[in-house]
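Here is what each chain is made of, one letter per residue.
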Amino acid sequence: MEQEAHFSIGEWVVHSQYGVGQIKKTEVMPLHGKRTECFKVQVRDGAFWFPTNEAENPRIRPVASQEIISKVIKNLRRKPGNIDHDKKYWTQRIKDVPLDSDLVTISKLIRDLSAQKALKRLNDTQIRALSKFKERLMFEWSAITGVVIEEIRTQFNKLVSESKAKIDFD
């Protein structure tokens with residue numbers, strides 16, 4: 001049975017490509033040859049629209065819950081996983097975690113990539129991926145908690161530092 005996706009003005013959502021945004025209003029837009037009521041979502045670098053009656057859009061989801069942020073914080077504090085791997089391992093691991101993955105999975109990847117970076121073993125592609133994942137996580141965290149991004153960034157950096165301090169450099 002197909003479920004209707006219910007969103008409302010003011011709600012925060014995550015789009016797989018555009019990232020975190022807030023639903024600002026509805027507008028009637030031409031879509032597939034007919035006029036369709038759509039939500040306008042304001043994201044950091046622009047806006048996107050999606051139909052108000054669209055059921056289960058795989059590209060759009062509500063932001064995560066406060067409970068998920070608690071799990072993210074625990075993950076970021078933990079000792080990194082086995083990080084001494086070759087380039088192919090990291091390339092595959094990054095591919096296995098798309099930007100629209102759940103925040104718990106993203107937080108584990110960020111923690112481990114940050115530890116790998118501390119060992120000075122990331123290439124440019126891995127550094128860019130780490131940056132994208134960190135920004136996505138911090139913006140969603142900010143939307144969930146209502147805390148400004150600068151404060152989230154400070155807390156995030158402290159958590160990652162705690163995790164990196166647990167690395168065995170032998």
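In this text the structure is predicted, and so the values were computed from the model without any measurement. (Residues numbered from 1 in each chain as written. Predicted model: local features only at pLDDT ≥ 70, side-chain atom pairs only at ≥ 80, totals over all residues. Heavy atoms only, no water.)

S.K.: Run through the sheet that holds strand 3 (residues 34–43), naming residues and quoting values.
M.R.: Here five strands make up an open sheet; going across it, the order is 4-3-2-1-5 and the pairing antiparallel. Sheet topology places strand 4 (46–51) and strand 5 (60–62) at the edges, where each strand pairs with a single neighbour. Along the sheet, successive strands turn relative to each other by an average axial angle of 45°, direction set aside. By the bridge criterion, four bridges tie strand 1 (residues 12–15) to strand 2 (residues 19–31) in an arrangement that is antiparallel. (Pairing = 2+ DSSP bridges. Helix = DSSP H or I, 4+ residues; strand = E, 2+ residues; numbered from the N terminus. Axes fitted to C-alpha atoms, helices over the stretch in contact; angles between N-to-C directions.)

S.K.: Go over the packing of helix 2 (residues 87–96) against helix 3 (residues 103–118) with me, naming the residues and quoting the values.
M.R.: At a minimum axis separation of 11 Å, helix 2 and helix 3 run at an interaxial angle of 155°. The angle between the axes of helix 2 and helix 3 places the two elements in the roughly antiparallel class. Both helix 2 and helix 3 take part in a crossing whose hand is left-handed. Each of Trp 90, Arg 93 and Ile 94 in helix 2 lies in contact with helix 3, whose residues at this interface are Lys 108, Leu 109, Asp 112, Leu 113 and Gln 116. Its residues assigned to classes, the contact of helix 2 with helix 3 comprises four nonpolar, one polar and three charged. (Parallel < 35°, antiparallel > 145°, perpendicular 65-115°, else oblique. Left-handed = near helix turned anticlockwise from the far one by under 90°. Contact = heavy atoms within 4.5 Å. Nonpolar A, V, L, I, M, F, W, Y, C, P; charged D, E, K, R; others polar.)

S.K.: For helix 3, give the residues involved together with the corresponding values.
M.R.: Its 16 residues give helix 3 an end-to-end C-alpha distance of 22 Å, which sits within 8% of 22 Å, the value for a rise of 1.5 Å per residue. Of all 16 residues that make up helix 3, 12 are buried, and the element is covered over most of its length. Here helix 3 has its buried residues at Leu 103, Val 104, Ile 106, Ser 107, Leu 109, Ile 110, Arg 111, Asp 112, Leu 113, Ser 114, Ala 115 and Gln 116. Considering only its buried residues, helix 3 is in contact with helix 1 (66–77), helix 2, helix 4 (124–145) and helix 5 (149–164). Looking at where helix 3 begins, the residue whose side-chain oxygen comes 3.2 Å from the main-chain nitrogen of Val 104 is Asp 102. In the segment just after helix 3, Lys 120 is the residue with positive phi, at about 60°. (Expected span 1.5 Å × (residues − 1). Buried < 20%, exposed > 50% of the residue type's maximum accessible area, 1.4 Å probe, protein only. Polar contact = N/O pair within 3.5 Å; in protein donor to acceptor, adjacent residues only side chain to side chain.)

S.K.: Lay out the pairing of strand 4 with the relevant residues and their values.
M.R.: As paired elements, strand 3 and strand 4 share six bridges and run antiparallel to each other. Within strand 4, the position partnered with Val 41 by the bridge is Phe 48. Here strand 3 folds back onto strand 4, and the loop between the two strands holds two residues.

Everything listed is a geometric property; what it means functionally is a separate question.
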